[in-house]
Structures are given as structure tokens and as C-alpha cells.
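Below are the chains, spelled out letter by letter.
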Amino acid sequence: MSLRTHVTTLTAKSILHRSTKVLVAALASVLSVLVLNAASAQSASEKKDSLAAAIAAVCARRTINGLSIQNAVPGSWLLEDTVSTSDGAPLRQDIRLALPEGSELTLEIRFAGGAPRQVRASYFTLTDQQLVPDLLAIADGGCTIRSARSIRRGQTPWVYLDQLDGDMETLRWTEILQAPWPPGVVTQGVPVALVDSGLAYDLPLFRDRLARDAEGEPIGYDFWDMDPWPYDGDTSRGAFLPVRHGTAVASILAREAPNAVLAPMRYPRPDMNRMADIVAQSIEHGVKILAMPLGSNAPDDWTAFADAIKDQDILAIVSAGNNGRDIDREPVYPASLTLENILTVTSADGFGRLAPGSNWGQESVDLMVPAENIAVTDFRGAAGVTSGSSYAVPRVAALAARILENQPHLSARELKTQILARAAPSPFEKERLVAAGWIPDPDKD
């Protein structure tokens, strides 16, 4: 019902059945709602105006600086202005402005040939003493806004990402950033912890494939945001631009290990010491297989994980990475950790040749498996095809789950031994690139 219709209904009902005093009170109440909604609309309008003014100011002058942006956005003041250059030419400029009521506006300007190539302006609203991402406008090099994104919060735990037109208002489509766990019952199956960007667990493919405790509660957690809903989205590149990785990985595991159940663990990018908590939670719930298609160049990121998993009866299957390098010489972690209960895998083509861009190492990498042009389901439930060592991980994790299903009393080290025993030298790689060889058909028993 619209506000105008609401007013008319109240007025007619009051005239017929209520006193003038009640009528005045009713109209006052409706007027209050109108005022509140107008204020809300004005606030939304001010956000859009601030972003538009900041973007327009980028192209208004030959030299871009934070003070000129500050002067273009009413009520703002400059907090930070940093420029990255190469051979004296700007590559990227980041500007932060403080706004009234504690909110902030940021500009990210990317350059090509010394001129702006793309401009991203973000609005962050102060909520409960925290800056919460609200609205993003994306403009071209001529400062014309081509698209926008808005993060909208519903009743906890629902969070949505609205894709908008250049007017920052017209809705194109909506994505889910966070959702409640789907209802379900306890399902028997080998549990596999998926340590990744999370999982779109509300998709039909996964609703009945979630590992649950005796009370039927899903065994999974968001160690990034520290809440119970590990929905798929790596936001390290920005809250408005999540990378959806975990769901595609999980779809391979679900297909190749049809009786396994998944425990999604969103990895703790803000504090990698929490990797120890992932190991602890997995052990607590009897999870013996960790599928970990992730890594970094920093060994310190993985100290807590290494200390936590060392000598535990749990097998971590990790990706070698996609840097096109020998990780014996240039390590990647946790792939290069020298722990007996880590199994490192990389991607090959269907003939046993190392895939272009995939990492290798005679000592650090255990296996190659075919993981190129492999069918996946993405976070929307759409079919796709992808490649890389990340997708070797679920193939080997699925193999591990099937072995463990038939031999539940195997230790993690015995499980690893059985997997490695399936490997053979690649017929197309003259030099040994990995320790054990390749498994051409990891989906076969």
C-alpha cells in the first residue's frame, strides 16, 4: 500500500468512526512517516550526489589532488591522498574524505598513459561505530558513471549486493552476500572441510550436502567476519567486488564424491592466525580431510596453521598455486610446508602435461591431476568451465573422501599413502616436475 493510499484510508475511517482528536493524531502519525521517509530518501540522494561530485571533480582539472576533491564534495575534509607511480607516471591514486556524521568517501583512480582510465567512488556509512560499505559508483575515463553497486542489509543474516545502472538507482540484478543456513537433517557421509572464500550453501546442489552436528546444525563458520554464515565471497579486493571461488570448487567435490558432506570454512584473511581455529573445529567434529585451494607467498601467514595441524590425524590437500614457477625455489605456502599430513597438488591437462601457469616442484608438489577446462557450478547456480591448480584440490579431496568412505579407519598418513600410490610418471613430461607423478582419472575408484 502506498503512503498516499494509507493517508486516504485513515482519513475516511477517522471521519466516520473517530473523533476529531483521533483524526488529528492519525494524520500526525502519517505525517511523521512521510517526514522520516523523505529524510531517508534525502540521505540516499546525498550519498549519490557526493559520489557524483567526487567523480566529476576528477575530470574537472588537469592535475588531480585530494584538496580539489574535498572542495567539490560539500561538508567533506581530506584524510588521505596517495599516488602510485611508474617511471614518474601515475598508475593509481587513492583519496579518502571524511564526511559529516562519521561517514567516509573514497576514490580509487586508475590511470593509463597519465590519464584516468577508471574511477571508483565508494561511500561508507558509520553504523554502530563501524564504517559499513554502502554504495559504489564506477565511472569510465571520462568520468561518466557507467554502473553502481549497493550493499543492502535485510533481517539478520541477510545481506544483498544490488547491481545498479549508472544513475545509481535503477536495479539490474541482485546477488546474495550472506544468507541463513538452509534447513536440513543430519546426513551420513565423510565430512570434508572446504577452506576457501565460502560457499553458496543455499543452492539446491548443497542444501542436503552440508555436514551437520547431532542437533542438525551445519558444521561451518565464517572465520573472516567471525559469524556463523560462511557465504561465498572473497572481499579482499573490495566489499563491493567479491570474488566467488569456493562454490565452484565445492561443485567439483560434490560431483566426484557424491556421498561426502561439506563443512564450509571461510578463510580468515584479516587474521591468518585463525587458521588454527579452523583446524581445531575440524578435529572437534571428526573431519579428517581439509580441502584448501588457497595460499600466499608469506610464510608468517601459515605459522599458526602449521603449528595446529602438525602431528594431527587430519590430511590437508592444498593447491600449488598458479604463478608458473618452481615452488622448491620460490616457495608458496602452505604448499611448501614440509609436513607429512599435507598433500600438495597442481593442474595438468588430460595428457599429463603441466598446465600453463600452474606451479610445480620436485619436492614441494606431490601430484598433478587434470584440472583444465573442468565443469563447475558457480555461486548463482549457473554452469561454467574453469581451470587451475585450485580445481585440482577438490578432485583429490573427492578421491580421499571416497577412499575414506570404504576404509573409515585409515589414518591421515595412510590415506595420503593410498592416494600417492595411484600416481604414475607423466608420459609427456621428460623432466620430473612433481614428487609422485600424475593421476589421470582421480574420479575413478
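Residues numbered from 1 in each chain as written. Predicted model: local features only at pLDDT ≥ 70, side-chain atom pairs only at ≥ 80, totals over all residues. Heavy atoms only, no water.

**A few points about the sheet that holds strand β15 (residues 367-370)**
The strand order β10-β11-β9-β12-β13-β14-β15-β18 describes an open sheet built from eight strands, whose pairing is parallel. The two strands at the open ends of the sheet, each matched to only one other strand, are β10 (221-222) and β18 (437-438). Bridge count between strand β14 (residues 342-348) and β15: four bridges; the pairing is parallel. Paired with A348 across the strands is P370, a residue of β15. Along the sheet face, helix α5 (residues 246-256) touches β9 (191-196), β11 (261-266) and β12 (289-292) and points at about 155 degrees away from the line of β9. (Pairing = 2+ DSSP bridges. Helix = DSSP H or I, 4+ residues; strand = E, 2+ residues; numbered from the N terminus. Contact = heavy atoms within 4.5 Å. Axes fitted to C-alpha atoms, helices over the stretch in contact; angles between N-to-C directions.)

**Structural notes on the state of the cysteines**
For the coordinates displayed, the defined rule picks out one disulfide. What pairs with C59 in a disulfide is C143, and their sulfur atoms sit 2.0 Å apart. Classification of the bridge connecting C59 and C143 rests on its S-S torsion, roughly 80 degrees, and on that basis the disulfide is right-handed. With C59 in helix α2 (residues 20-60) and C143 in the loop between β5 (130-140) and β6 (145-153), this residue pair connects regions lying 84 residues apart in the sequence. (Disulfide = S-S within 2.5 Å.)

**Description of the packing of α5 against helix α8 (residues 392-406)**
Helices that pack against each other are described as a pair by the angle of their axes relative to one another and the distance between those axes. Close contact between α5 and α8 brings their axes to 8 Å; oriented N to C, the two are set at 30 degrees. Crossing angle aside, the handedness with which α5 passes α8 is right-handed. Along its contact with α5, which presents V249, I252, L253 and E256, the element α8 presents P394, R395, A397, A398 and R402. Residue classes in the contact of α5 with α8 are distributed as six nonpolar, no polar and three charged. (Left-handed = near helix turned anticlockwise from the far one by under 90°. Nonpolar A, V, L, I, M, F, W, Y, C, P; charged D, E, K, R; others polar.)

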